[in-house]
Amino acid sequence: MWQSLSEELKHHGLTVITVALDTGGADAARPFIERAHATHPSLIDRRHAVADLYQFVNVPNAVWIDEQGVIVRPAHAPAATASMANMIGLGADDYLNAVRDWAAHGTDSRFVPTPERRRTSQHDIDSADVTAALNFRLGEYLVEHGEQEAGRSYLNEAVRLRPESWAYRRQAWAIYEPPEKNGALWYEATVQHPVLPDEPYYAPVDLDGDAAVVDPAQTARNQRQIFESTFGRAFAKKDDAP
Amino acid sequence: MPVTILYTESDAVVDDAAIEGADLWLRLDDLTRASGWQLKPAGACLGDVCVPIPDARRDRFVRGESGPDARFNLAELARLREMPSLYDEPTQTWCFADGASTRAQRMASLQAPNFTLPDLTGKMHSLTDYRGQKIFMIAWASW
């Protein structure tokens, strides 16, 4: 998905790096990376270390970093498709065009937020978030080292302490639930019995700093409608997975 | 039974560790291997940063001072540094993480934290390998 953008923008000195947050490691990520014929660095992050460092709570999530190693756009949902753009309140090509503008103009791009806006748009980490990260790290290590059952309570605790982390929740499902149930579990948690009814699944992205303030609960409802019309037929059956 | 220590991003298995309640006593070489911290005259040092060990509580941190019998209490240092920890008794695994204030400071700096991860071939990549480039980094998952 990002391969063509990587090819298009590399003459501007832009490198695309993808990171697979996956306790399943290279085995889980390989088919997707090979299918994309990715030539950019495609990294494997079993521990979700990058998510912890950059505060990614869902996928896809992205960050822009400049030539000096400064974060010029903190964690946000990127949109490579029209449906993803619609969910985060953008027109079909708005996001990719903003990346193109940043690639060409660097920090002078109007799509690079001021340092103050970058700071205020970041999540404020509290002690529950840290305890969640600690539980995820310990649980993931145990799973990775053959102690799957020992890891379960820690991963569940991480999900409980950081309910907005779909990365924790969906990773735990991928480990402990049968693969064919994951879609139905996701649909139930996002649409049928939302775990966070007033929080968007993907926060709206304000590209140039003058987007209208959007009510988060309204965005959450819009995204639920999109999920319902897109996935309802496949996942809505209450008794079991399709 | 060996003790596993997950200290921020690193992990190590230590054969000669003593767990006493909420304390974790390590040989000085294991301390460095597991956490990067070294015991020096200036205190406990991680790279260029040295943290003085409080004189009045030195025995909570250090036993034996030097030689093969010297031990250091990593759990006490973590408490001093306000680093939360978690211990899984059945597997004897300790986990230490940076606290909320350290993380908040790091995020406010807007400096992109470094990391080192493998690609499909096992080749390791660090973010700093790409300094001088704009980096568009995207996280995804198979699940």
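Cut-offs and rules
Residues numbered from 1 in each chain as written. Chains lettered and ligands numbered in written order. Predicted model: local features only at pLDDT ≥ 70, side-chain atom pairs only at ≥ 80, totals over all residues. Pairing = 2+ DSSP bridges. Helix = DSSP H or I, 4+ residues; strand = E, 2+ residues; numbered from the N terminus. Axes fitted to C-alpha atoms, helices over the stretch in contact; angles between N-to-C directions. Domains from an automatic or database assignment. Contact = placed C-beta atoms within 7 Å. Nonpolar A, V, L, I, M, F, W, Y, C, P; charged D, E, K, R; others polar.

*Asks:* Before we go on, may I ask you to explain the sheet that holds strand S3 (residues 61-65) of chain A in this structure?
*Replies:* Remark on secondary structure: sheet strands pair via backbone hydrogen bonds, oriented parallel or antiparallel. If you trace the 5 strands from one edge of the open sheet to the other, you get S2(A)-S1(A)-S14(B)-S3(A)-S4(A), paired in mixed fashion. Where the open sheet ends on each side, the last strands, each with one partner, are strand S2 (42-45) and strand S4 (71-76) of chain A. Between one strand axis and the next, the sheet turns through 15 degrees on average, direction left out of account. The pairing of strand S1 (residues 14-21) of chain A with S2(A) spans 4 bridges and is classified as parallel. Bridge pairing in S2(A) links Thr18(A) to Ser42(A).

*Asks:* Mind showing me how you'd approach the domain arrangement of chain A here?
*Replies:* You'll often see interface size given as the accessible area lost when the parts meet. Residues and elements named next belong to chain A. According to the domain assignment, chain A consists of domain 1 (3-121), domain 2 (125-176) and domain 3 (177-242). Spacing between the C-alpha centres of domain 1 and domain 3 amounts to 21 Å. Contact with domain 1, which involves 15 residues of that partner, is made by 12 residues of domain 3. Broken down by secondary-structure element, the contributors of at least two residues to the side of domain 1 that touches domain 3 are helix H4 (82-87) and helix H5 (94-105). With 3 residues, the single largest contributor to the side of domain 1 that touches domain 3 is H5. Along the lines of polarity and charge, the residues of the side of domain 1 that touches domain 3 split into 8 nonpolar, 4 polar and 3 charged.

*Asks:* Any chance you could explain the environment of Glu199(A) here in plain terms?
*Replies:* Residues and elements named next belong to chain A. Here Glu 199 is to be found in the loop between helix H10 (182-192) and helix H11 (216-235). Taking the C-alpha atoms as reference, Glu 199 lies 7.8 Å from Thr 219; in sequence the two are 20 residues apart. Non-local contacts of Glu 199, meaning those with residues more than four positions away in its chain, are made with Glu 164, Pro 216 and Ala 220.

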